[in-house]
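Here is what each chain is made of, one letter per residue.
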2 protein chains.
Amino acid sequence: MVVDPDSPQGRGDAAAVLPAVRPGAGGGLDRRRILGAAIEIIDTDGLRALTMRRVGSRLGVEAMAIYHYIPGREAMLDGIVEVVIDELYGDPDVYLAHPDWQEYLQRLAHGVRRIALAHPEVFPLIATRPPAAPWVRPPLRSLRWMESFLHTLIDCGFSDRAAVAAYQAFSSFLLGHLLLEVSAQGADIGPIPEADPGPVKPADLDEYPLLQRLSPQLAEDHSAEEFEESLETLLNRLETFGKD
Amino acid sequence: MVVDPDSPQGRGDAAAVLPAVRPGAGGGLDRRRILGAAIEIIDTDGLRALTMRRVGSRLGVEAMAIYHYIPGREAMLDGIVEVVIDELYGDPDVYLAHPDWQEYLQRLAHGVRRIALAHPEVFPLIATRPPAAPWVRPPLRSLRWMESFLHTLIDCGFSDRAAVAAYQAFSSFLLGHLLLEVSAQGADIGPIPEADPGPVKPADLDEYPLLQRLSPQLAEDHSAEEFEESLETLLNRLETFGKD
DNA sequence: ACCTGAACACCGTTCAAGT
DNA sequence: ACCTGAACACCGTTCAAGT
């Protein structure tokens, strides 16, 4: 039909919209700076816009220069995931001593949620990249956070098994909720930021009387309250794990 | 690479000799057959191997022929998601009258789980493709299933609001659990089916004493039981929604 | 009516060469 | 030491042309 304006070959000026991080002179390339540029590109133009060549040009450099710091595109994606979840370490709300494990998990959950909402286009990557080991679960997919998580719970009297079960249940909760939340706000940027077609072509809804009746309620966004409620329920459930 | 041995028999000259009698028999290309080939490619070689050219060659046809049935790669991905979740309709365990909503949700959940495990490389697509409307939630992302879901619950005495809340909670549960489950079994095929590096380089674990101690337990796979348990918990929680 | 050949713009990645 | 130019093998997609 019509050429997709945000497809890679579209306009190329898109690169011009984002000012190069450090025009020309560029003080030294490094892994961290490259990953930062990549994350900015994803945040503004979506995953599909992430290209070795484009990351290079954002840094005032040819694509090939990147290979001196990061051994390829796959490694870049892994690095992006790592950098984004590491933002948790800079979050004073999370990285602190906590009175009890409930408080710890509350802060941790909200910290991860903040990250997901700040980088909605990156979160699917966090959710689906293969983890370092099969027992490392997204979205808390760093050994450091796993250690912290398990340590805190065991310190609070959880048995080893209960702590492990809690990690798994907590991961599944966060993954489901947050992926749903970012996907609802249009992650993966499907077609185009084109004319909003309204809430689904009404024609489609004709065959679904219930959807038609409920679509106003379906469209209401209660994700924040839902998150709090489900988190509360989860914590209560974990409490029963603790005593085994 | 190598010609696929179970691709449509014979050069397609047969189709030239025999005028297409029945679309979808032997030689005729159609949307459904194309999507089927695409799904087989993903199942066997992963998402990254899915290429217009490769789908074409699997069907004994040039890549460009596909564009007469499907308007591009994005549309193909959407079609794949649609076809895979539509497998639910063929599942007699699911598509049946049910004594109560608990039974219905149980069967539905297990049906979706079966699909996820049958197509672990497709599930991330189901999880992350932008849905038709923001209120359509993966993985139950078809209007038809949403209608069925809401209808069943409302028939069982749920209020409109409670039914909607149940749909959302159910979606989040399925998404979290199943994405975790398929990602643990190595979805998104990271680098290559190369030499298995064992369960994480032991060097990494040196700094994480707890992970070291718990790694045997972390590696145990209890996903099936966890699924049952969490589903049970969810159903109990939904029961409290019902009375509002 | 249905498919193809050739072409285009863009990829990731390599490697020898430049500074 | 750090980056680039040129090249290669692959993409998705178009369009006019073949049968």
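Residues numbered from 1 in each chain as written. Chains lettered and ligands numbered in written order. Predicted model: local features only at pLDDT ≥ 70, side-chain atom pairs only at ≥ 80, totals over all residues. Heavy atoms only, no water.

### Things to note about the protein's contact with DNA strand D
The immediate surroundings of DNA strand D are formed by 16 residues, with E62 and Y69 of chain A together with R53, Y67 and R73 of chain B found nearest. One of the side-chain nitrogen or oxygen atoms of R53 of chain B is found 2.3 Å away from a base nitrogen of DNA strand D. Within the side chain of Y67 of chain B, an N or O atom sits 2.8 Å from a phosphate oxygen of DNA strand D. Here the surface near DNA strand D is built from residues that sort into nine nonpolar, three polar and four charged. (Near = heavy atom within 4 Å. Polar contact = N/O pair within 3.5 Å; in protein donor to acceptor, adjacent residues only side chain to side chain. Nonpolar A, V, L, I, M, F, W, Y, C, P; charged D, E, K, R; others polar.)

### Quick look at the UniProt feature "DNA-binding region" (unreviewed entry) in chain A
Under the UniProt annotation, "DNA-binding region" (unreviewed entry) lies at residues 51-70 of chain A. In the segment residues 51-70 of chain A, helix accounts for 35% and strand for 0%; the C-alpha atoms at its two ends are 13 Å apart. (UniProt positions renumbered as here; feature names shortened; annotations may be inferred. Helix = DSSP H or I, 4+ residues; strand = E, 2+ residues; numbered from the N terminus.)

### Remarks on the interface of chain A and chain B
Tallying the contact residues gives 59 residues for chain A and 59 residues for chain B. Where chain A abuts chain B, roughly 5,500 Å² becomes buried across the two surfaces, and 64% of that area is made up of carbon and sulfur atoms. When the buried surface of chain A facing chain B is broken down by residue, W135, L180 and L218 of chain A rank first, second and third, together holding 13% of it. Where chain A touches chain B, the interface holds eight salt bridges. Note that E74 of chain A is salt-bridged to R48 of chain B, the shortest N-O span being 3.2 Å. Broken down by secondary-structure element, the contributors of at least two residues to the side of chain A that touches chain B are α6 (123-128), α7 (143-155), α8 (160-184), α9 (202-205), α10 (209-219) and α11 (223-242) of chain A. Ranked by residue count, the leading element in the side of chain A that touches chain B is α8 of chain A, at 14 residues. Of the residues belonging to the side of chain A that touches chain B, the class tally is 30 nonpolar, 14 polar and 15 charged. (Contact = heavy atoms within 4.5 Å. Buried area = accessible area lost by both parts, 1.4 Å probe. Salt bridge = Lys/Arg side-chain N within 4 Å of Asp/Glu carboxyl O.)

### A short note on a negative patch on the surface
Residues and elements named next belong to chain A. Side chains of D221, E225, E228, E229 and E232 sit close together on the surface and give a patch of like negative charge. Among the secondary structure elements, D221 is positioned in the loop between α10 and α11. When its relative accessible area of 58% is taken as the criterion, D221 is described as exposed. (Patch = residues over 30% accessible without salt bridge, like charges linked within 9 Å, V, L, I, M, F, W, Y side chains within 5 Å. Areas by Shrake-Rupley, 256 points an atom, 1.4 Å probe, with all protein chains shown as cover. Lys, Arg positive; Asp, Glu negative; His and termini not counted. Charge placed at Lys NZ, Arg CZ, Asp CG, Glu CD. Buried < 20%, exposed > 50% of the residue type's maximum accessible area, 1.4 Å probe, protein only.)

### A closer look at the nonpolar core
Formed by 153 residues in total, the largest nonpolar core has its most connected members in I80 and F149 of chain A together with I80 and F149 of chain B. Dropping the residues within four chain positions of it, F149 of chain A is found in contact with Y104, L105, L108, L140, A163, A166, Y167 and F170 of chain A. (Core = buried A, V, L, I, M, F, W, Y, C linked by side-chain atoms within 4.5 Å.)

### Some words on the protein's contact with DNA strand C
Surrounding DNA strand C, one finds 17 residues, the nearest of these being R53, Y67 and R73 of chain A together with E62 and Y69 of chain B. Put simply, 56% of the atoms of DNA strand C that lie within 4 Å of the protein are in sugar or phosphate. Between DNA strand C and the protein, one listed contact pairs a base nitrogen with a side-chain N or O atom of R53 of chain A at 2.3 Å. Contact between DNA strand C and Y67 of chain A: a phosphate oxygen at 2.8 Å from a side-chain N or O atom of the residue. Looking at the surface near DNA strand C, its residues break down into nine nonpolar, four polar and four charged.

### A short note on the pattern of salt bridges
By the definition in use, this model includes 28 salt bridges over all chains. Here D45 of chain B makes a salt bridge to R54 of chain B, at a shortest N to O gap of 2.7 Å. Connected via shared salt-bridge partners are D91, D93, E103, R107 and R114 of chain A.

### Things to note about helix α4 (residues 73-86) of chain A
All names here are of chain A. Compared with the 20 Å implied by 1.5 Å per residue over 14 residues, the 20 Å span of α4 between its first and last C-alpha is a close match. Listing the buried residues of α4 in full gives M76, L77, G79, I80, V81, V83, V84 and I85. Packed against the buried residues of α4 are α2 (31-45), α3 (52-58), α5 (101-118), α6 and α7. (Expected span 1.5 Å × (residues − 1).)

### Thoughts on the side chain of S172 of chain A
Structurally, S172 of chain A can be placed in helix α8. Sequence-distant contacts of S172 of chain A, defined by excluding residues within four places in its chain, comprise G176, H177 and L180 of chain B.

### Let's talk about the relation of the copies chain A and chain B
Each copy of the sequence occupies a distinct position, and chain A is placed on chain B by a rotation of 180° and an axial shift of 0.0 Å, giving an RMSD of 0.0 Å. In short, the pair behaves as if placed about a two-fold rotation axis. For chain A, the smallest separation between a C-alpha atom and the rotation axis is recorded for G176 of chain A, amounting to 1.9 Å. (Least-squares fit on C-alpha atoms with pLDDT ≥ 70 in both.)

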